[in-house]
Amino acid sequence: SAPGIVKKTKMYKATVYNSLEALERKGMASSMKKGKARVYIPMDPKKLFDVLEETTIKLVKSYSVFEFIIVTFVIALTPAICEEMLFRGFVLKNLEKFSKPAVTIFLTGFLFAIYHFQPFNIIPLIFLGSYLGFVVYYSDSIYTGMTVHFLNNFFAAYYLFLYGKDEFDIPE
């Protein structure tokens, strides 16, 4: 219940109620009266992840060349630089001081996957993060990792721009 959330988080009552009502309006929660209190029920996790995926597609989808250039900057170039600096530049380089290369590469890949908060894609993200770690470790250059990361994200955005999401759905 909202009073329970207020008590546990020490947030302002109005903030909690406004947040819960916003979640309800967006279909991410429902509520029911139980006595004098209103009890909020979170959305089914599968439905929540579907909403998150739909939101991601909306952010990545572009409808013109100009929009695609912006998406490329936001989805491909910026993460390639920033995430590689964080995961392969900072995390990998520090972990390799304390552990073997294979462990370092895997842990960096695992942290990379967790960072992306896509539970249904965690295994492919671990592989991608580990591959990027492998590339950086054995090339001894973060720029190689940035290039591979950029190409991965660029082609994902490019194919979505070219064909749309429907072309990639697996028939049921």
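1. Structural notes on helix α4 (residues 65-95)
Now for step 1: Of all the bends found along α4, the most pronounced is centred on P79 and spans about 40°.
Now for step 2: The elements touched by buried residues of α4 are α3 (45-60), α5 (101-115), α6 (122-139) and α7 (142-163).

2. Points about the confidence of the model for the protein
Should pLDDT be low for a region, the predicted coordinates there are not to be read in detail.
Now for step 1: Per-residue pLDDT for the protein averages 86, and the proportion of residues at 70 or more is 95%.
Now for step 2: Averaged pLDDT values over the elements of the protein bottom out at 75 in α3 and peak at 96 in α6.

3. Brief notes about the environment of F127
Now for step 1: Secondary-structure assignment places F127 in helix α6.
Now for step 2: Considered as a pair, F127 and G109 are 18 residues apart in the sequence and their alpha carbons are 6.7 Å apart.

4. Notes on helix α2 (residues 13-25)
Now for step 1: For α2, which comprises 13 residues, the first-to-last C-alpha distance of 18 Å matches the rise-based estimate of 18 Å (1.5 Å per residue) to within 8%.
Now for step 2: Trailing α2 by a residue or two, G27 shows a phi angle of about 80°, which is positive.

5. Side note on the pairing of strand β1 (residues 29-34)
Strand residues, when the strand is regular, have side chains that alternate between the two faces of the sheet.
Now for step 1: Pairing geometry for β1 and strand β2 (residues 37-42), over 6 bridges, is antiparallel. What sits directly across from K33, in β2, is R38.
Now for step 2: If you look at the hairpin formed by β1 and β2, you'll find 2 residues sitting between the two strands, and G35 has a positive phi there, around 70°.

6. Remarks on the pattern of salt bridges
Now for step 1: For the structure on display, the rule yields 3 salt bridges.
Now for step 2: In this structure, E84 and R88 form a salt bridge, with 2.8 Å as the shortest nitrogen-oxygen distance. Of this pair, E84 and R88 both sit in helix α4, 4 residues apart, which is roughly one turn of that helix.
Now for step 3: Between D140 and K93 there is a salt bridge whose closest N-O contact spans 3.7 Å. Of this pair, D140 sits in the loop between α6 and α7 while K93 is found in helix α4, placing the two residues 47 residues apart along the sequence.
Now for step 4: Judged by relative accessible area, which is 61%, D140 ranks as exposed.
Now for step 5: A cluster of three or more residues bridged by salt bridges with shared partners is formed by K93, E96 and D140.

7. What about the side chain of K61?
Now for step 1: Secondary-structure assignment places K61 in the loop between α3 and α4.
Now for step 2: E67 provides the closest opposite charge to the buried, unpaired K61, separated from it by 8.4 Å.
Now for step 3: Reaching out from K61, the side chain makes a polar contact with the backbone oxygen of L160 at a distance of 3.1 Å.
Now for step 4: Those residues in contact with K61 that lie beyond four places of it in its chain are V71, L160, F161 and G164.

Calculation criteria
Residues numbered from 1 in each chain as written. Predicted model: local features only at pLDDT ≥ 70, side-chain atom pairs only at ≥ 80, totals over all residues. Heavy atoms only, no water. Bend = angle between axes of the 7 residues up to and from the residue. Helix = DSSP H or I, 4+ residues; strand = E, 2+ residues; numbered from the N terminus. Contact = heavy atoms within 4.5 Å. pLDDT = per-residue confidence, 0-100. Expected span 1.5 Å × (residues − 1). Pairing = 2+ DSSP bridges. Salt bridge = Lys/Arg side-chain N within 4 Å of Asp/Glu carboxyl O. Buried < 20%, exposed > 50% of the residue type's maximum accessible area, 1.4 Å probe, protein only. Lys, Arg positive; Asp, Glu negative; His and termini not counted. Polar contact = N/O pair within 3.5 Å; in protein donor to acceptor, adjacent residues only side chain to side chain.

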